[in-house]
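Descriptive analysis of the structure
The lines below spell out each chain.
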Amino acid sequence: MPWKNQGGGPWGSGPKGPWGSGPQPVGPRPPDLEDLLRRGQDRLQQIMPGGYFSGIGITLIVLLIIAFWLLSGFFRVQSEEQGVVLRFGKHVRTVDPGLNYHLPYPIETVLLPKALRVNTISIGMTLIDDPARRGRSIRDVPEESLMLTGDENIVDVDFTVLWRIKPNGVGNFLFNIQNPEGTVKAVAESAMREVIGRSQIQPILTGARNVTEQGVQELIQKTLDSYGAGIQISQVQMQKVDPPAQVIDAFRDVQAARANLEQLQNEAQTYANQVVPQARGRAAKIQQDAEGYKEQAVAEAKGQSARFLKVYEEYKKAPDVTRERIYLETMERVLGGADKLVYDGGPSGQGIVPYLPLGELSAKRPPTPGPQSSGGNR
C-alpha cells in the first residue's frame, strides 16, 4: 500500500523513526534570522504606530544617523604612531598613542604617520632576496658608493643612516616634503660625497671614521633643517670603506710599502733616541771636565802667585837667608827622587869611568839596624 507523506513518513508526523522518536538536537540551537527580523519589525511598529515614514520614525532615523556619525570620530593611535588631526585640511593638533577623538568627517580627519619608529636607509648597497641561501644578501650599488677623495683617489663607501621624525615636527614632515625617504637618501649621499671630497684617503681608511661620520651627520641635519623637513638624524654608520675592487690588490701593496716605511722610520727614530742622548752625555762630561781643569788651573795659578808674593815679601826682609832657602828647597825638590852617587875626590875614586853605570857598580848598603836592647858600642 502506498505511504502517505504527511509530515514524517510511515511512522507518523515529525522527524521520528520507526521506534516512535526522532533524533534529538545536541547543544544550543542557532537563532532563526527570519524570526529576529520579524520581532524587530514588530517592535518598530509598536514604537512607530504610524509607519516608518511618520514624523517620529524619521526623527529616530535621523538621530541614529547622527549618533553613528558622531561615533565615527573615535580612532586609535598605535604605539609607533602619532595622530595628526586636520580641520578642513589644516593641521590643528597632534595626539599621542591611545584612544582619541576628533570631529567626524568632513570636519576633521586624522593622519597616522610612524612618528616614533627609527627608520634605516642604506646607501651604496641594497638587500635582495636570495632563494639559494633562504635569506637576504647584500648587493653593491657602485653608482651610489664610488666617491672621489680630496687627494684624487677613488674610494668605495657603504653606509647607513638612522632617522626618525622629530617630536614636534610631524606637521613639517607631512606637509613640507613629498618623498621623505628619497629626500633623506639624496641628502645623505650628497653630504657624504662632500665630506669625502674634503678628506684624504689614508685617514678615511684608518682612524678618521668617527670624524667622518660626525661631519656627515651634522651636514645632513643642517640641510634637512633648512628644508623644514621635521626629520632628526639619529646616527650615520659607515659599513665598508675600501678602494674599488679593480685596484684593491695594488692598493694593498701600497699599504704594505707604507707600513714598511713607517717601520723603518720608527727603527731609525729609536736608534736616534738611543745615540743622541749618549752623545749629549759625553759632550756634557767633556765640558764638565774642561770646566774642572779650568777651575783647577786658575786656582793653582792664583795659589802660586800668592805664594810668590809671600816669598817676595820675606825676600825683601832677609835676602840672603831667603835666597839660600829657595836654593835648598829647589835642590831638594829636583834631587829628592833621583838616585845619587856622591864622589868626594878621594883615592878610592881614581878608576871611575864617567860613562859607566855607577849606580849598579856601587855596593849595596846593608839595612841600618835598629836600636839594640842590650848595651855595648855601636
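Structural data are supplied above this passage.
Heads up: these notes are all about the structure in this document. In this text, all values refer to a predicted model and were calculated from it rather than measured experimentally.

So, the overall build of the protein
On a plain count of helices and strands, the protein comes out with 10 helices and 11 strands. Split into buried and exposed, the 378 residues of the protein put 22% on the buried side. Residue pairs in contact within the protein that sit at least 24 positions apart in sequence constitute 60% of those at least 6 positions apart. For the protein, the computed accessible surface area is about 28900 Å², with 56% contributed by carbon and sulfur atoms.

Concerning the packing of helix 5 (residues 180–197) against helix 7 (residues 209–227)
Contact pair helix 5 / helix 7: the axes reach a minimum separation of 9 Å and the direction vectors enclose 135°. Judged on the interaxial angle alone, helix 7 and helix 5 are oblique. In the crossing of helix 5 with helix 7, the sense of the turn from one axis to the other is right-handed. Contacts between helix 5 and helix 7 involve Thr 183, Val 184, Val 187, Ala 188, Ala 191, Met 192, Glu 194, Val 195 and Ile 196 on the former and, on the latter, Thr 212, Gly 215, Val 216, Leu 219, Ile 220, Thr 223, Leu 224 and Tyr 227. Across the contact of helix 5 with helix 7, the residue classes tally to 12 nonpolar, four polar and one charged.

Remarks on helix 5
An α-helix turns once every 3.6 residues. As a result, residues three or four positions apart point the same way. Relative to the 26 Å expected for 18 residues at 1.5 Å per residue, helix 5 spans 26 Å between its end C-alpha atoms, a close match to the ideal helical length. Residues of helix 5 that are buried include every one of Pro 180, Val 184, Val 187, Ala 188, Glu 189, Ala 191, Met 192, Val 195 and Ile 196, and no others.

A few points about the sheet that holds strand 3 (residues 90–95)
In space, the three strands of this open sheet follow the order 3-2-5, with antiparallel pairing throughout. The open sheet terminates on both sides in strands that have one partner only, identified here as strand 3 and strand 5 (108–111). Each neighbouring strand pair of the sheet contributes to a mean axis angle of 30°, computed without reference to strand direction. Pairing analysis gives four bridges linking strand 2 (residues 83–87) to strand 5, with the strands arranged antiparallel. Pairing of Val 85 across the sheet is with Val 110, part of strand 5.

Here's the deal with the nonpolar core
Val 157, Phe 159, Met 192, Ile 220, Ile 231 and Ile 233 are the most contacted members of the largest nonpolar core, which totals 35 residues. Ignoring any residue separated from it by four or fewer positions in sequence, one finds Phe 159 in contact with Ile 121, Ser 122, Ile 123, Met 125, Met 147, Ala 188, Glu 189, Met 192, Val 236, Gln 237, Met 238 and Gln 239.

Regarding the pattern of salt bridges
Applying the stated rule across the entire model yields 11 salt bridges. Two residues, Lys 185 and Glu 144, come together in a salt bridge whose shortest N-O distance is 3.2 Å. Here Lys 185, found in helix 5, pairs with Glu 144, found in helix 3 (residues 142–145); they are 41 residues apart in sequence, far enough to count as distant. For Lys 316, the salt bridge goes to Glu 313, with nearest N and O atoms at 3.9 Å. Of this pair, Lys 316 and Glu 313 are both found in helix 8 (residues 248–317), three residues apart, which corresponds to roughly one turn of the helix.

What counts, and where the lines are drawn
Residues numbered from 1 in each chain as written. Predicted model: local features only at pLDDT ≥ 70, side-chain atom pairs only at ≥ 80, totals over all residues. Heavy atoms only, no water. Helix = DSSP H or I, 4+ residues; strand = E, 2+ residues; numbered from the N terminus. Buried < 20%, exposed > 50% of the residue type's maximum accessible area, 1.4 Å probe, protein only. Contact = heavy atoms within 4.5 Å. Areas by Shrake-Rupley, 256 points an atom, 1.4 Å probe, with all protein chains shown as cover. Axes fitted to C-alpha atoms, helices over the stretch in contact; angles between N-to-C directions. Parallel < 35°, antiparallel > 145°, perpendicular 65-115°, else oblique. Left-handed = near helix turned anticlockwise from the far one by under 90°. Nonpolar A, V, L, I, M, F, W, Y, C, P; charged D, E, K, R; others polar. Expected span 1.5 Å × (residues − 1). Pairing = 2+ DSSP bridges. Core = buried A, V, L, I, M, F, W, Y, C linked by side-chain atoms within 4.5 Å. Salt bridge = Lys/Arg side-chain N within 4 Å of Asp/Glu carboxyl O.

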